[in-house]
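An overview of the molecular structure
Spelled out from the first residue to the last, the chains are:
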Amino acid sequence: MADLKCTIAGIKSINPFWLASAPPTDKYVNVVRAFEAGWAGVVWKTLGEDPPVINMSSRYGVHFNSARDVIGINNIELISDRPLDINLQEIRQVRDEWPDRVIIGSMMAPIDERAWKELAIKIAEAGVHGIELNLGCPHGMCERGMGSSIGQVPEMIERTTRWVREAVDIPVFTKLTPNITNILWGAEAAKAGGAHAVSLINTVNSVISVDLDAMAPTPTVDGKGSHGGYCGTAVKPIALHMVAEIARNPETSDIHISAIGGIENWRDAAEFISLGANGLQVCTAAMLYGFRIVDDMIDGLSNFMDEKGYKTIDDFRGLAIKNTLDWNELNINFDTKAVINQDSCIECGRCHIACEDTSHQAITFDVSADGKRSFSVINDDCVGCNLCAIICPVPDCIEMQPVKNDLPYLTWPQHPKNAIRDID
Amino acid sequence: MKHKNHRAAYNKILAKQSANSFFDELHRPLNKSTGFKEADQCLYCYDAPCIQACPTSIDIPTFIHQIKTANVMGAAHTILKENIMGGTCARACPTEVLCEQACVLNDDAGKPVKIGLLQRFAVDHLMAKDASHPFKRAAQTGRTIAVIGAGPAGLSFAHRTAVLGHDIHIYESRDKAGGLNEYGLAAYKMVDDFAAKEVEFILDIGGIDIFYGTSLEQDLSLNDLQEKYDAIFIGIGLGGTNDLGLDGEAMSGITDAIDFIEDLRQTDDLSSLELGQNIIVIGGGNTAIDAAVQAKKLGSPNVALVYRRGESQMGATAFEVELARKNGIAVHLWSKPITLHGKNSIAAITFEHTTIKNGKLTGTGEAYILDCDMLLKAIGQKLDGTNLQGLATKDGKLVISENYQTSNKKIFAGGDCVLSGEDLTVQAVEDGKQAAIAMDIWLRDN
């Protein structure tokens, strides 16, 4: 059985699965239930200065697919709305009762050095393993000069990170917002400020849907709505990209990454680890199904590692980074073609119409006397776009097979048709 | 009433109940939760085989996609524009040998999308809404057409011709419209008086008048109608029934299954129905199954179904035969009746085993007797030729051209009385629709 222990920012964790700072980590009872279920750590719901904030009623909106599966939800909830002392007291209690589990204190404060430092010290004194700076909340708190309004300005990221580093001697995680043009600016600023790790991504700014009866965005509060933070499986691709950018950027490749964003299962987790994540944070999936999902995350990741022969997380951590390149570095001579397995084809015609209408008219079909349809690829017209393989409802029925063309690895900067090509 | 003792317990339940209130529905309809989930199973095939398999060519992938996007009214419209009786067909079609048999998921998931139930989901949604009729009539053409028979073919024809701007007079021999939907389908397929509701929905288009209690056999003449109207459509179905050709067929206790179903569909008090203790249904079609299953559900202790050939030759689908067995009906195959026993009323029947010899069905000489106090004949219906005034027939059905014209160009025909496809509601609806389109074109030149 594979060893799932990991270390992030010097903090040892019995497995890589933590709960992100959010409603599931708001108080003692939730956190204890999470630890009972097997989660290795929690980032406690963000703490601020007293008096606590007041939250709205009607807080979440949803993006369904047609089968009513939740693709994503967004929220307009603020940080913890309970007094700081109660939170700190509960943190102490859980730390006492669960010595092998990790608690990170998430915090935010207005742009004021004393405020950041005093709050950081109070939280550290409660016994947390580390502090996470919430610089990402894209709704409500940013209107008060906190959350993403700090996280969108690299200088402020650096400054707040440094303040906390100066105030406490425990690991510091800087949580980054994806609502920026280049994640590296934030990551580099966090590193310059002395962060041990970055946590990303925070939620994506969004209007998740419009209630067409009320003619207002959801979640609807007394007939009105606001933008909120989008999370869940839909944001995973955005998070994977940003994690990969930090991991493969020479300036930031050594900073630890606590990956967040649409992690629903062990496969998502393995993908983030392959792109360099040291640990993982989960929220939406737990909100949708309960804390029990961690069982399969642990079991599935362990089975995957056993199957591949990875004994520890570090054995495969970051293995996909070297294969993550800029477009300009890809081999333009590579050629792949769709191959339809006639035995498993169920004759739905989806590949044909997708290719015919929207791609390269490379899938044709014949109808036999008994009405049976057989679909085939016109190799000369197939550009290897993958669309047919993606939309085919039968797993492995359409396979993309690389063509052996004996051509050398050639990038666009070297290509003869590129007027400004590199000259060797 | 010789069965009164046996039926005492049942009569308590049946008293003052109509078929509408007594019979439970065969298939549980989809609800909001199961409906959208089921719609999500559909692959939205291109040029889908289910469309080809539907006699009315409903664009099934499109209507299911519309359900998926919560455009359920749009889905109903997609169905109804090809099949105005989409509601009945969703209930009564043998989908297992039509659209659902063609579903590509049979190859993959081993079971098809529940197209029939999804169709019902959409059409019921539209009919439950107090919305205006979903189709509009074209400008009035000034033409008036006579329709004989207010069954599925006649109503489908009338609706389409009304949409095309013509006025329609329907002559119906009974006092309700709907034909076999109202009188002949099993009650458990058509609960809640659905046939009548659907007729009302169809007539909402406007331009259609029905004259009840007026039959071709007794009250009309095709010559008069030709004088009075621009064209005629015959949708009279099959008014006659086949006989066994045995002595004693006039004894009491022997009835056509179709009449038995009609009586139970129409009565206000099921306890007043004649019902045997040993009922034998002879036949292998859906009417035989419908009669046998309903007889059993009404409380008859012994119901047997006897068919002269094997199960695979039955007109009823495998699902229907299974339904009969599940309801405790004994199914005797490869048997034909040779003697009816009884003095004034039927008491027993001798059957002879049959086999295929040199490609022909023949008796084996081995016989057996079954007790029987009620015999329901379901061995097919035939055209009642009265007053057809020489219109050409073949194989006992009216001959029509590909334009649905009979041997008299001014008279069109469709439904069970012509040889077009299977004797199914859905085929009758298609005939009515196509005949209307063809007649509309013909009327422009005549």
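Residues numbered from 1 in each chain as written. Chains lettered and ligands numbered in written order. Predicted model: local features only at pLDDT ≥ 70, side-chain atom pairs only at ≥ 80, totals over all residues. Heavy atoms only, no water.

Quick look at the overall build of chain A
- In terms of regular secondary structure, chain A is built from 13 helices and 20 strands.
- Taking the principal axes of the C-alpha coordinates as reference, chain A spans close to 80 × 60 × 50 Å.
- Put simply, of all contacts in chain A between residues at least 6 apart along the chain, 70% involve residues at least 24 apart.
- Split by element, the accessible area of chain A, about 19900 Å² in all, is 51% carbon and sulfur. (Helix = DSSP H or I, 4+ residues; strand = E, 2+ residues; numbered from the N terminus. Contact = heavy atoms within 4.5 Å. Areas by Shrake-Rupley, 256 points an atom, 1.4 Å probe, with all protein chains shown as cover.)

Topic: helix α6 (residues 183–192) of chain A
Residue and element names in this part refer to chain A.
- Along α6, the residues classified as buried are Ile183, Leu184, Gly186, Ala187, Ala189 and Ala190.
- Lining the buried residues of α6 we find α5 (154–167), β9 (172–175), β10 (197–200) and α7 (236–248).
- For α6, the side-chain oxygen to backbone nitrogen distance between the N-cap and Leu184 is 2.9 Å, and the N-cap itself is Asn182.
- Immediately beyond the C-terminal end of α6, within one or two residues, lies Gly194, with a positive phi of roughly 100 degrees. (Buried < 20%, exposed > 50% of the residue type's maximum accessible area, 1.4 Å probe, protein only. Polar contact = N/O pair within 3.5 Å; in protein donor to acceptor, adjacent residues only side chain to side chain.)

Considering the nonpolar core
- Core analysis: the biggest nonpolar cluster contains 87 residues, and Ile340 of chain A together with Ile60, Phe63, Ile64 and Ile170 of chain B have the highest contact counts within it.
- With nine residues, the top contributor of residues to this core is helix α18 (residues 425–445) of chain B.
- The residues that make up this core include at least three from each of domain 1 (28–128) and domain 2 (144–239 + 383–445) of chain B.
- Leave out the neighbours within four places in its chain, and Ile64 of chain B touches Ala39, Cys42, Val113, Ile115 and Leu118 of chain B.
- Grouped together as the second largest cluster of nonpolar side chains are 81 residues, Ala34, Ile123, Ile150 and Leu200 of chain A included. (Core = buried A, V, L, I, M, F, W, Y, C linked by side-chain atoms within 4.5 Å. Domains from an automatic or database assignment.)

A short note on the domain arrangement of chain B
- Assigned domains within chain B: domain 1 (28–128), domain 2 (144–239 + 383–445) and domain 3 (242–377).
- The gap between the C-alpha centroids of domain 1 of chain B and domain 3 of chain B is 34 Å.

Some thoughts on the pattern of salt bridges
- Summed over the entire model, instances satisfying the criterion amount to 34 salt bridges over all chains.
- In this structure, the salt-bridge partner of Glu113 of chain A is Lys117 of chain A, at a minimum N-O distance of 2.7 Å. Taken together, the residues span about one helical turn, with Glu113 of chain A and Lys117 of chain A both in helix α3 (residues 113–125) at a distance of four residues.
- Its relative accessible area of 35% is what places Glu113 of chain A among the partly exposed residues.
- Here the salt bridges do not stand alone but share partners, grouping Glu25, Arg91, Arg120 and Asp124 of chain B into one network. (Salt bridge = Lys/Arg side-chain N within 4 Å of Asp/Glu carboxyl O.)

Some points on the packing of helix α2 (residues 84–97) of chain A against α3 of chain A
Residues and elements named next belong to chain A.
- The contact between α2 and α3 brings their axes to 9 Å, and the two run at 35 degrees. Of α3, the residues touching α2 (which contributes Leu84, Leu88 and Arg92) are Leu119, Lys122, Ile123 and Glu125.
- When grouped by side-chain class, the residues that make up the contact of α2 with α3 number four nonpolar, no polar and three charged. (Axes fitted to C-alpha atoms, helices over the stretch in contact; angles between N-to-C directions. Nonpolar A, V, L, I, M, F, W, Y, C, P; charged D, E, K, R; others polar.)

A closer look at unusual backbone geometry
- Following Leu200 of chain A, the chain continues to Ile201 of chain A via a peptide bond in cis, the omega torsion being 10 degrees.
- Note that Ile201 of chain A resides in the loop between β10 and β11 (204–206).
- For the bond running from Thr218 of chain A to Pro219 of chain A, omega is -10 degrees, close enough to zero to count as cis.
- Along the chain, Pro219 of chain A turns up in the loop between β13 (216–217) and β14 (228–231).
- For Asn387 of chain B, which is not glycine, the phi dihedral falls at a positive 65 degrees.

Quick look at the packing of aromatic side chains
- What the rule picks out here adds up to 15 aromatic pairs over all chains.
- With centroids separated by 5.1 Å and ring planes inclined at 20 degrees, the aromatic side chains of Tyr310 of chain A and Phe316 of chain A adopt a geometry described as stacked.
- The partly exposed category is assigned to Tyr310 of chain A, whose relative accessible area is 21%.
- Ring geometry for Tyr171 of chain B versus Phe211 of chain B: centroids 5.2 Å apart, planes at 20 degrees, classification stacked. Here Tyr171 of chain B, found in strand β2 (residues 167–171), pairs with Phe211 of chain B, found in strand β3 (residues 208–211); they are 40 residues apart in sequence, far enough to count as distant.
- Judged by relative accessible area, which is 8%, Tyr171 of chain B ranks as buried.
- Through successive ring pairs, a cluster of aromatic residues spans Trp266, Phe304, Tyr310 and Phe316 of chain A.
- The residue whose ring lies beneath Arg91 of chain B is Phe194 of chain B, and the NZ or CZ to ring-centre distance is 3.6 Å.
- When the ring centre of Tyr183 of chain B is taken as reference, the NZ or CZ atom of Arg174 of chain B above it lies at 4.5 Å. (Phe/Tyr/Trp six-rings, centres within 6.5 Å; stacked < 30°, edge-to-face > 60°. Lys NZ or Arg CZ within 6 Å of the ring centre and 35° of its normal.)

Some points on the sheet that holds strand β8 (residues 302–306) of chain B
All names here are of chain B.
- If you trace the five strands from one edge of the open sheet to the other, you get β6-β13-β7-β8-β9, paired in parallel fashion. In this open sheet, the two edge strands, each paired with only one partner strand, are β6 (254–256) and β9 (330–332). Along the sheet, successive strands turn relative to each other by an average axial angle of 20 degrees, direction set aside.
- Contacts from helix α16 (residues 286–297) reach β7 (278–282), β8 and β13 (374–377), with the element oriented near 170 degrees to β8. (Pairing = 2+ DSSP bridges.)

Here we look at the sheet that holds strand β5 (residues 60–64) of chain A
All names here are of chain A.
- Taking strand neighbours across the sheet as the criterion, the four strands line up as β5-β6-β14-β11 in an open arrangement whose pairing is antiparallel. Of all strands in the sheet, those with a lone pairing partner are β5 and β11, marking the two edges. On average, adjacent strands in this sheet sit at an angle of 35 degrees to one another, irrespective of strand direction.
- Bridging between β11 and β14 involves three bridges; their strand directions are antiparallel. Bridge assignment links Ser206 to a residue of β14, and that residue is Gly228.

Observations concerning the side chain of Arg373 of chain A
- Checked against the element boundaries, Arg373 of chain A lands in strand β19 (residues 373–377).
- One polar contact links the side chain of Arg373 of chain A to the main-chain carbonyl oxygen of Asp47 of chain B, over a distance of 3.1 Å.
- Arg373 of chain A has contacts with Glu347, Cys348, Gly349, Phe365, Asp366 and Val367 of chain A together with Tyr46, Asp47 and Pro49 of chain B, leaving out every residue within four places of it along the chain.

Observations regarding the interface of chain A and chain B
- Contact with chain A, which involves 14 residues of that partner, is made by 14 residues of chain B.
- Taking both sides of the interface into account, the surface hidden between chain A and chain B amounts to around 1100 Å²; carbon and sulfur atoms contribute 56%.
- For the interface between chain A and chain B, the tally reads one salt bridge.
- Note that Arg373 of chain A is salt-bridged to Asp47 of chain B, the shortest N-O span being 3.7 Å.
- For the pair chain A and chain B, the interface holds six residue pairs in polar contact (both at pLDDT 80 or more).
- Class assignment of the residues belonging to the side of chain A that touches chain B gives a composition of seven nonpolar, three polar and four charged. (Buried area = accessible area lost by both parts, 1.4 Å probe.)

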